[in-house]
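The chain contents come next:
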Amino acid sequence: SHNSQAYRPNASQNAVYSSSVPAACLDRSPDGRIAVLGGRYVLKTLHVDGVHIKEGVDVRAAITSQFANKGSANSIASEQLSIKDVKVATHHGAEPTIFTACANGKIFMYDVNRLASGLGLEFIQSSDGSRQVNKLDFNPHRGTWMLSVAAVSLKNRSKVDATGKRPNTSTART
């Protein structure tokens with residue numbers, strides 16, 4: 001091949017990130033440069049450059065600060081932080097768009113570009129019913145198609161546009 005050995009390491013390379021709180025799920029962008037940690041106590045992006053990892057945007061901190069001292073709004077924050085799965089969608093901009101599947105059947109989309117530029121937290125919420133959403137994934141051939149799997153093995157396929165709207169949804173029971 002015409003590729004130089006300089007571009008291919010002789011041994012596998014490991015990168016380590018020590019999180020101060022437990023993470024329930026992890027996802028990375030297709031190019032491997034951006035990762036996201038998710039769980040009840042963490043929702044943040046990480047920037048990966050070889051074996052070096054730098055913290056990105058702390059979305060959880062933005063969620064908790066937005067709803068701090070607002071009484072009934074704490075339940076909204078609690079819903080957003082019951083994260084069971086997280087996915088990175090890099091086709092929506094330079095910083096990733098993050099999708100989270102939550103215990104209450106809700107899926108949240110966070111615009112990390114907006115948050116990183118200091119414009120504040122903006123999220124879009126959709127619902128897959130009242131059951132816990134266990135898994136999210138994107139179609140590798142059509143990056144705007146998202147699959148969500150709920151606790152009752154109900155599979156929903158949705159098309160997500162740049163605004164987070166889910167105009168087309170189909171459901172299949174298994």
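Heads up: the structure comes first, above all this text.
Bear in mind the structure is a predicted one, so any value in this text is a computation, not a measurement.

Caption draft 1: Structural view of the overall build of the protein chain. Across its full length, the protein chain holds 3 helices and 12 strands. Looking at the 174 residues of the protein chain, the share that counts as buried comes to 36%. Partitioning the contacts of the protein chain with sequence separation of at least 6, the portion at a separation of at least 24 is 36%.

Caption draft 2: Region of the structure containing the nonpolar core. Ranked by internal contacts, the top residues of the largest apolar core, which has 20 residues, are Leu 43, Val 59, Ile 63, Ile 98, Tyr 110 and Leu 121. Elements supplying a minimum of two residues to this core: α1 (59-67), β5 (83-89), β6 (97-102), β7 (106-111) and α3 (112-116). With 4 residues, α1 is the single largest residue contributor to this core. In this view, Tyr 110 contacts Leu 43, Val 59, Ile 63, Gln 80, Pro 96, Thr 97, Ile 98, Thr 100, Leu 121, Glu 122 and Phe 123; residues no more than four positions away in its chain are not counted.

Caption draft 3: How the structure looks around the environment of Asn 104. By secondary structure assignment, the location of Asn 104 is in the loop between β6 and β7. Counting along the chain gives 28 residues from Asn 104 to Gln 132, while the straight-line C-alpha distance between them is 5.1 Å.

Caption draft 4: Up close: the sheet that holds β7. The 4 strands lie next to each other as β5-β6-β7-β8, forming an open sheet whose pairing is antiparallel. Of all the strands in the sheet, just β5 and β8 (123-127) have a single pairing partner and so form its edges. Taken over all neighbouring pairs, the strand axes of this sheet differ in orientation by 20° on average, direction set aside. In this structure, β6 lies alongside β7, joined through 5 bridges in antiparallel fashion. By the bridge assignment for β7, Ile 98 is matched with Tyr 110.

Caption draft 5: View of the sheet that holds strand β1 (residues 25-28). The 4 strands are arranged β1-β2-β3-β4 in an open sheet whose pairing can be described as antiparallel. Looking at which strands have only one partner, the edges of the open sheet turn out to be β1 and β4 (52-58). Averaged over neighbouring strand pairs, the angle between their axes works out to 25° when direction is ignored.

Caption draft 6: Layout of the pattern of salt bridges. Under the defined criterion, the tally for this structure stands at 5 salt bridges. Between Lys 44 and Glu 55 there is a salt bridge, and its shortest N-O distance comes to 3.1 Å. With Lys 44 in strand β3 (residues 42-49) and Glu 55 in strand β4, the pair connects residues that are 11 residues apart, well separated along the chain. Two residues, Lys 135 and Asp 85, come together in a salt bridge whose shortest N-O distance is 3.9 Å.

Caption draft 7: Main features of the packing of aromatic side chains. For the structure on display, the rule yields 4 aromatic pairs. Judged by centre distance (6.3 Å) and plane angle (20°), the ring pair of Phe 108 and Tyr 110 falls under stacked. The exposure classification of Phe 108 matches that of Tyr 110, with both residues buried. Between Tyr 110 and Phe 123 the ring centres are 6.2 Å apart and the planes differ by 50°, which places this aromatic pair in the tilted class. With a gap of 13 residues between them, Tyr 110 in strand β7 and Phe 123 in strand β8 connect regions that are remote in the sequence. Since its relative accessible area comes to 25%, Phe 123 is described here as partly exposed. Ring pairing ties together the aromatic residues Phe 108, Tyr 110 and Phe 123, which thus form one cluster.

Calculation criteria
- Residues numbered from 1 in each chain as written.
- Predicted model: local features only at pLDDT ≥ 70, side-chain atom pairs only at ≥ 80, totals over all residues.
- Heavy atoms only, no water.
- Helix = DSSP H or I, 4+ residues; strand = E, 2+ residues; numbered from the N terminus.
- Buried < 20%, exposed > 50% of the residue type's maximum accessible area, 1.4 Å probe, protein only.
- Contact = heavy atoms within 4.5 Å.
- Core = buried A, V, L, I, M, F, W, Y, C linked by side-chain atoms within 4.5 Å.
- Pairing = 2+ DSSP bridges.
- Axes fitted to C-alpha atoms, helices over the stretch in contact; angles between N-to-C directions.
- Salt bridge = Lys/Arg side-chain N within 4 Å of Asp/Glu carboxyl O.
- Phe/Tyr/Trp six-rings, centres within 6.5 Å; stacked < 30°, edge-to-face > 60°.

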